[in-house]
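The residues making up each chain are set out below.
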Number of protein chains: 2
Amino acid sequence: MSIEQLEQHVSFGGQQFKYKHQSDVLKSEVTFSLFLPSNPDGKKIPLIWWLSGLTCTDDNFTHKSGFQQWAEQHQVAVIAPDTSPRGDAADGDGYDLGHGAGFYVNATEEPWASHYHMYDYVTKELTGIVHELVPNFSGKESVMGHSMGGHGALVIGLRNQDRFASISAFAPILTPSKVPWGVKILTAYLGSDQETWKAWDSTALVAQDEVLPILVTQGTGDSFYPDQLTEQYFLAAAQKHGDQVTYEQQAGYDHSYYFIATFLKQHFDFHMNHLNS
Amino acid sequence: MSIEQLEQHVSFGGQQFKYKHQSDVLKSEVTFSLFLPSNPDGKKIPLIWWLSGLTCTDDNFTHKSGFQQWAEQHQVAVIAPDTSPRGDAADGDGYDLGHGAGFYVNATEEPWASHYHMYDYVTKELTGIVHELVPNFSGKESVMGHSMGGHGALVIGLRNQDRFASISAFAPILTPSKVPWGVKILTAYLGSDQETWKAWDSTALVAQDEVLPILVTQGTGDSFYPDQLTEQYFLAAAQKHGDQVTYEQQAGYDHSYYFIATFLKQHFDFHMNHLNS
């Protein structure tokens, strides 16, 4: 395993790193970013995963969200993967398929199946790497994301409930099986048998008997709401969990990082309540 | 005067705008960004100017600094101009001359003199525009910036002490007459007579009898420090002003927006002390 450090910056007292490595799972060279808090007291440090949306790399969150302020305040490490394989991996028609659109699934259809295994990359390969890179790692993890990455956070969290403490999402694709972005990508990566899509749809997954604490925040000024981000199916399936699942709307906020930056403190506070309990 | 609104985003409760307009002074179409706080109590609102560094547009500060959190908390408007004329304006050899490198001076040498008047653009033309765009403007202003824009903030503030309440800078070019970036640009824009450079050098300007409150923050891990950002001449000239001029170094921080974001709250607190007094 060879990992090359590309950047290191002091930020709010902690350290913001960017790395690249050759992924065995993605058969592609990819980057990821990792924030380590200063940890002046040598305590055990938990880890939050951030999964970005369509067209993004790990840079969008690292450059634009201001998360380092909250991560240092709470003394938590934060890992941000890229959103898809790159390089020789097949690319798609449009911004919403292929490069930048990994969708956090394991593709079974060609030309995607040979590289597009973002679920295994995040939950296995990069997990192994980052657990080694966080000094004094406490073993406790939470997962959050935006848009396509909000879908990724919900799917990865709900499929691995024994591993994570909590899940949150900004403007997530809650029901990919029923919205244009999801139908296009799931058809391409998994084929047209919709039975196979259920394992990758948070609306299907949230119907299980018990779920982790979940927080979802959606702006009402989001140009992708409600068409791509409809909440009705998810909330119907989640209703039986009561206040374990919180869905909030914020008036006027759009799909941008201005929205994410505004409510990120609230999401960090939410996760830290569960990571510290 | 025709101004086109390009973007509007809710951010931390306030509004982040981006505009473009045809500048008479720059003879160029340029953009600028303006944050307006929510002002729930209908109070008088002061204005802070942010001047960006080499290669930047108005976007770098708006996207990467997280300033909106502090501007909304303090209920202050913030204007961020572009850093140079664009389009047909002459471009230079390298990132440090021409487009992205306006240096906040009025050029007298061709091919620059026909467009490169960023000092007049900021202090006159854009001033007139933004004073109309801020509802309930209090008439009080401060100025801050980064690197080339830190130089710009010091020069504009020190040449207009009756207008501004305070000046601050992150990693500024403090003595352009003596460092490679400054010598290259001042020679091109103003010619080789160094007498003419003094009106654009904060080390010469800070030697006047009385100065506004000034705060400068410099990271010790900055790859441009000390060669381009040497402080010795400026601090010698400023010594007579005592604690009216504060120069701080922060261990390990580099030249990036990670550095700016970390210490921006401190700079906003500094300016608001003077804008509210």
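Values in this document were obtained by computation on a predicted structure and should not be read as measured data.

1. What to know about the sheet that holds strand β6 (residues 137-146) of chain A
All names here are of chain A.
Piece 1. Here nine strands make up an open sheet; going across it, the order is β1-β2-β3-β5-β4-β6-β7-β8-β9 and the pairing mixed. Across the chains shown, the open sheet's two edge strands, defined by having one partner strand only, are β1 (3-11) and β9 (245-250). Strand-to-strand twist across the sheet, computed as the mean angle between neighbouring axes with direction ignored, equals 20°.
Piece 2. Of the pairings in the sheet, the one linking strand β2 (residues 14-23) to strand β3 (residues 28-36) comprises nine bridges and is antiparallel in character. Within β3, the residue paired with K20 across the bridge is T31.

2. A short note on the side chain of E125 of chain A
All names here are of chain A.
Piece 1. Relative to the helices and strands, E125 is located in helix α3 (residues 118-133).
Piece 2. No salt bridge is formed by the buried E125; its nearest oppositely charged neighbour, K27, is found at 9.2 Å.
Piece 3. When near neighbours in sequence (up to four residues on either side) are disregarded, E125 contacts H21, Q22, S23, D24, V25, L26 and D120.

3. Examining the interface of chain A and chain B
Piece 1. At the interface, 21 residues of chain A touch 21 residues of chain B.
Piece 2. In total, about 1,700 Å² of surface goes out of reach between chain A and chain B, with carbon and sulfur atoms giving 55% of it.
Piece 3. By the criterion of area lost to chain B, the three top residues of chain A are V10, F12 and Y258 of chain A, representing 38% of everything that side buries.
Piece 4. Counting across the chain A and chain B interface gives zero salt bridges.

4. Concerning the packing of aromatic side chains
Piece 1. Per the stated rule, a full pass over the model turns up 30 aromatic pairs over all chains.
Piece 2. Measuring from ring centre to ring centre gives 6.2 Å for Y253 of chain A and F259 of chain A, while their planes differ by 45°; the resulting arrangement is tilted.
Piece 3. Look at Y253 of chain A and you get buried, because its relative accessible area is 7%.
Piece 4. Its relative accessible area of 0% is what places F259 of chain A among the buried residues.
Piece 5. With a centroid separation of 5.7 Å and an interplanar angle of 85°, the aromatic rings of F170 of chain B and F259 of chain B are classed as edge-to-face. Of this pair, F170 of chain B sits in strand β7 (residues 164-170) while F259 of chain B sits in helix α8 (residues 257-275), and the two are 89 residues apart along the sequence. Across the pair, exposure class does not vary: F170 of chain B and F259 of chain B are buried alike.
Piece 6. Cluster of aromatic residues (ring-pair linked, three or more members): F35, W50, F61, F67, F170, Y253, F259 and F263 of chain A.
Piece 7. A cation over an aromatic ring shows up here: R159 of chain B above the ring of Y119 of chain B, its NZ or CZ 4.5 Å from the ring centre.

5. What to know about the relation of the copies chain A and chain B
Piece 1. In screw terms, the move from chain A to chain B is a rotation of 180° and a rise of 0.0 Å along the axis, fitting with an RMSD of 0.0 Å. Here the transformation between the copies is reduced to the relation of a two-fold axis. Taking the C-alpha atom as reference, chain A places K64 of chain A closest to the rotation axis, 2.4 Å from it.
Piece 2. Taken together, the interface assignments show that 100% of the residues at the interface of chain A recur at the interface of chain B, consistent with an identical surface on both copies.

6. A short note on empty space enclosed by the protein
Piece 1. Counting across every chain of the model gives two cavities of 30 Å³ or more.
Piece 2. Considering only enclosed or pocket space, the largest cavity measures out at about 40 Å³ in volume.
Piece 3. Considering the residues around the largest cavity, the lining is formed by E7, H9, Q16, F17, K18, S33, D59, T62 and H63 of chain A together with Y258 of chain B.
Piece 4. Those elements that provide at least two residues to the lining of the largest cavity are β1, β2 and α1 (59-64) of chain A.
Piece 5. Each pocket or cavity is described by its volume, and for the second largest cavity that value is around 40 Å³.
Piece 6. Around the second largest cavity sit Y258 of chain A together with E7, Q16, F17, K18, S33, D59, T62 and H63 of chain B, which together line it.
Piece 7. Those elements giving two or more residues to the lining of the second largest cavity turn out to be β2 (14-23) and α1 (59-64) of chain B.
Piece 8. Considering only residue class, the lining of the second largest cavity consists of two nonpolar, four polar and three charged.

7. Regarding the confidence of the model for chain A
Piece 1. Confidence in the prediction of chain A, expressed as mean pLDDT, is 97, and 100% of residues score 70 or more.
Piece 2. Both scores are given for the predicted complex: the pTM is 0.97, the ipTM 0.95.

8. Quick look at the pairing of strand β5 (residues 77-81) of chain B
Residue and element names in this part refer to chain B.
Piece 1. Within β5, five of the five residues are buried, which leaves the element mostly enclosed by the surrounding structure.
Piece 2. Here β5 shows a buried face lined by A77, I79 and P81 and a second buried face lined by V78 and A80.
Piece 3. Direction of pairing for strand β3 (residues 28-36) relative to β5: antiparallel, over a ladder of four bridges. Bridging from a neighbouring strand, F32 pairs with P81 of β5.
Piece 4. Of the strand pairs in this sheet, strand β4 (residues 45-51) and β5 are connected by three bridges, and their pairing is parallel.

9. Things to note about unusual backbone geometry
Piece 1. Looking along the chain, the bond that leaves Y225 of chain A and enters P226 of chain A is cis, with omega of 5°.
Piece 2. By the secondary structure assignment, P226 of chain A is in the loop between β8 (214-219) and α7 (232-238).
Piece 3. Phi angles above zero are rare outside glycine, and S147 of chain B is one such case at about 60°.
Piece 4. Of the residues examined, S147 of chain B reaches a relative accessible area of 2% and is grouped as buried.

10. Comments concerning the pattern of salt bridges
Piece 1. Inspection of the entire model under this criterion finds 20 salt bridges over all chains.
Piece 2. Here E4 of chain A and K20 of chain A are joined by a salt bridge, their closest N and O atoms 3.8 Å apart. Separated by 16 residues along the polypeptide, E4 of chain A in strand β1 and K20 of chain A in strand β2 bring together distant segments of the chain.
Piece 3. Given the relative accessible area of 24%, K20 of chain A is considered partly exposed.
Piece 4. Ionic pairing is found between K184 of chain B and D96 of chain B, a salt bridge with its closest N-O pair at 2.7 Å. With K184 of chain B in helix α5 (residues 180-190) and D96 of chain B in the loop between β5 and α3 (118-133), the pair connects residues that are 88 residues apart, well separated along the chain.
Piece 5. Accessibility expressed as a relative area gives 10% for D96 of chain B, which makes it buried.
Piece 6. One network of salt bridges, with partners in common, ties together E4, K20 and E29 of chain A.

Here is what the cut-offs are and how they apply
- Residues numbered from 1 in each chain as written.
- Chains lettered and ligands numbered in written order.
- Predicted model: local features only at pLDDT ≥ 70, side-chain atom pairs only at ≥ 80, totals over all residues.
- Heavy atoms only, no water.
- Pairing = 2+ DSSP bridges.
- Helix = DSSP H or I, 4+ residues; strand = E, 2+ residues; numbered from the N terminus.
- Axes fitted to C-alpha atoms, helices over the stretch in contact; angles between N-to-C directions.
- Buried < 20%, exposed > 50% of the residue type's maximum accessible area, 1.4 Å probe, protein only.
- Lys, Arg positive; Asp, Glu negative; His and termini not counted.
- Salt bridge = Lys/Arg side-chain N within 4 Å of Asp/Glu carboxyl O.
- Contact = heavy atoms within 4.5 Å.
- Buried area = accessible area lost by both parts, 1.4 Å probe.
- Phe/Tyr/Trp six-rings, centres within 6.5 Å; stacked < 30°, edge-to-face > 60°.
- Lys NZ or Arg CZ within 6 Å of the ring centre and 35° of its normal.
- Least-squares fit on C-alpha atoms with pLDDT ≥ 70 in both.
- 1 Å grid on protein atoms, 1.4 Å probe; cavity = no way out; pocket = protein on both sides within 12 Å on 5 of 7 lines; lining within 4 Å.
- Points joined across faces, edges and corners; volume = space filled by probe spheres on them.
- Nonpolar A, V, L, I, M, F, W, Y, C, P; charged D, E, K, R; others polar.
- pLDDT = per-residue confidence, 0-100.

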